[in-house]
Each structure stands twice: as C-alpha cells, then as structure tokens.
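# Residue-level structure breakdown
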Amino acid sequence: MDEQESSRSSQEAENRLIPADLSMPIYGLFVLGILYTLYVAHQIILPIVIGVLTSLLLAPVVKKLYLKWRIPRMVSSLVLVSTVLAILVGVGMAVATPALEWAQKAPEGLSRLLVGDNEIMQQIDKVNRSAQQVEKSVKKLSEGKRQSRIPLSCRQIPGVASSCPRPGMASLASR
C-alpha cells in the first residue's frame, strides 16, 4: 500500500507542469504581464471601465424614472449623463480658478520663504540666538563650579507601585 502511494505521489510530482519551487515566480510574472497589458491598453480600457461604472451608478435612477414617470430609458440616460458631465465641468471650473491663482502666486511665496524676509524666519532667528545665549551662560556656570553628586534614595512601600528610579536613570541623574 505504502509503495503504491509513494509511487503515485512521485508520478504526480513528475507529471506536474510547473515545479513547486518555480510556481511563485511564474505567478508573479503572470500578474506583471497582466498589469503591463492593462497599462498598454489603457486608452481603450479606461473609457469602457468608466462607461460600465457610470451605467452601474445611474441604472437605478433610470429605472425609477421609467417606472414612475414613464420616461424612456434612452432619454433618461441621456439627461442623467449630461447632468453628471455638467456637474463635473462645474466643479472643475470652480476649482480651476483658485488653483490657477495659487499657481501664479506660488513662485513669489517660495522666493519670500527662501530669501528669509518673512516673519517666520525672523522668529526662528530669535529662537536660535536665545538658544546660543543659554548655551553660553550654562557653559560659563559649569566651568566656574565643580559638579556635585546628589545621592538618590528610595523607600518602597509594600503594596504600592515603586516610584524609585531605575539604575540607568540614577546614573544619569548623578552625572
């Protein structure tokens, strides 16, 4: 029995078209081939996909218009598609004007930002100068006095979470 099963499994392994260790790369190449084909054919496929999606989205409305007011499907489809296109064009026009104005002002704004004559750069300069002054004063204070070490002690109360510093933190505090 075992010999028959082993011989059967070995025959199945030999009869396989694709070895098991090559199946994953072949599937990957297949997916890449499909994606490349879709990329090359996007000028044909994209309008078809948009048409199908529009049909799926507008089909319930067309059906209601036909059943409720007896408007023929062709006429209601034409009116709905033209309405959707009009809405898209209106939104595009509403967005295009501010976008063009912003695009015209963008180089001027970027140059002001890079040159540094704006308020933000002045505030950043003030912060940098004050940080340098603090560093100098701390350096003078640390040079004048010898650093002292403060011993850390901790009492643990039974039943209460410990608030004792960890050994790593104690060594940082004693520096």
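Report on the accompanying structure. (Residues numbered from 1 in each chain as written. Predicted model: local features only at pLDDT ≥ 70, side-chain atom pairs only at ≥ 80, totals over all residues. Heavy atoms only, no water.)

This part covers helix H3 (residues 42-69). One turn of an α-helix holds 3.6 residues; hence residues three or four places apart share an orientation. With 28 residues, H3 should cover 40 Å at 1.5 Å per step; its first-to-last C-alpha distance of 39 Å lies within 8% of that length. Along its length, H3 shows its largest kink, about 45°, at Leu-58, and proline Pro-60 lies within four residues downstream of that point. Regarding H3, the residues found buried are Leu-58, Val-62 and Leu-65. Of the residues trailing H3, Arg-70 is marked for its positive phi of about 60°. (Helix = DSSP H or I, 4+ residues; strand = E, 2+ residues; numbered from the N terminus. Expected span 1.5 Å × (residues − 1). Bend = angle between axes of the 7 residues up to and from the residue. Buried < 20%, exposed > 50% of the residue type's maximum accessible area, 1.4 Å probe, protein only.)

Once that is clear, we can look at unusual backbone geometry. The residue Arg-70 is not glycine, and still its phi comes out positive at about 60°. Mapped onto the elements, Arg-70 comes out in the loop between H3 and helix H4 (73-115). A residue is classified by how much of its surface remains accessible, and Arg-70, at 59% relative accessible area, is exposed.

Before going further, it helps to examine the packing of aromatic side chains. Scanning the model with the defined rule gives 0 aromatic pairs in all. The ring of Tyr-66 carries Arg-70 above its face, with NZ or CZ at 6.0 Å from the centroid. (Phe/Tyr/Trp six-rings, centres within 6.5 Å; stacked < 30°, edge-to-face > 60°. Lys NZ or Arg CZ within 6 Å of the ring centre and 35° of its normal.)

With that out of the way, let us pick up the side chain of Ser-76. Turning to its location among the elements, Ser-76 is positioned in helix H4. Residue class for Ser-76 comes out buried when judged on its relative accessible area of 2%. Side-chain polar atoms of Ser-76 contact the backbone oxygen of Arg-73, separated by 3.1 Å. With residues near it in sequence (within four places) discarded, Ser-76 still touches Val-62, Leu-65 and Ile-71. (Polar contact = N/O pair within 3.5 Å; in protein donor to acceptor, adjacent residues only side chain to side chain. Contact = heavy atoms within 4.5 Å.)

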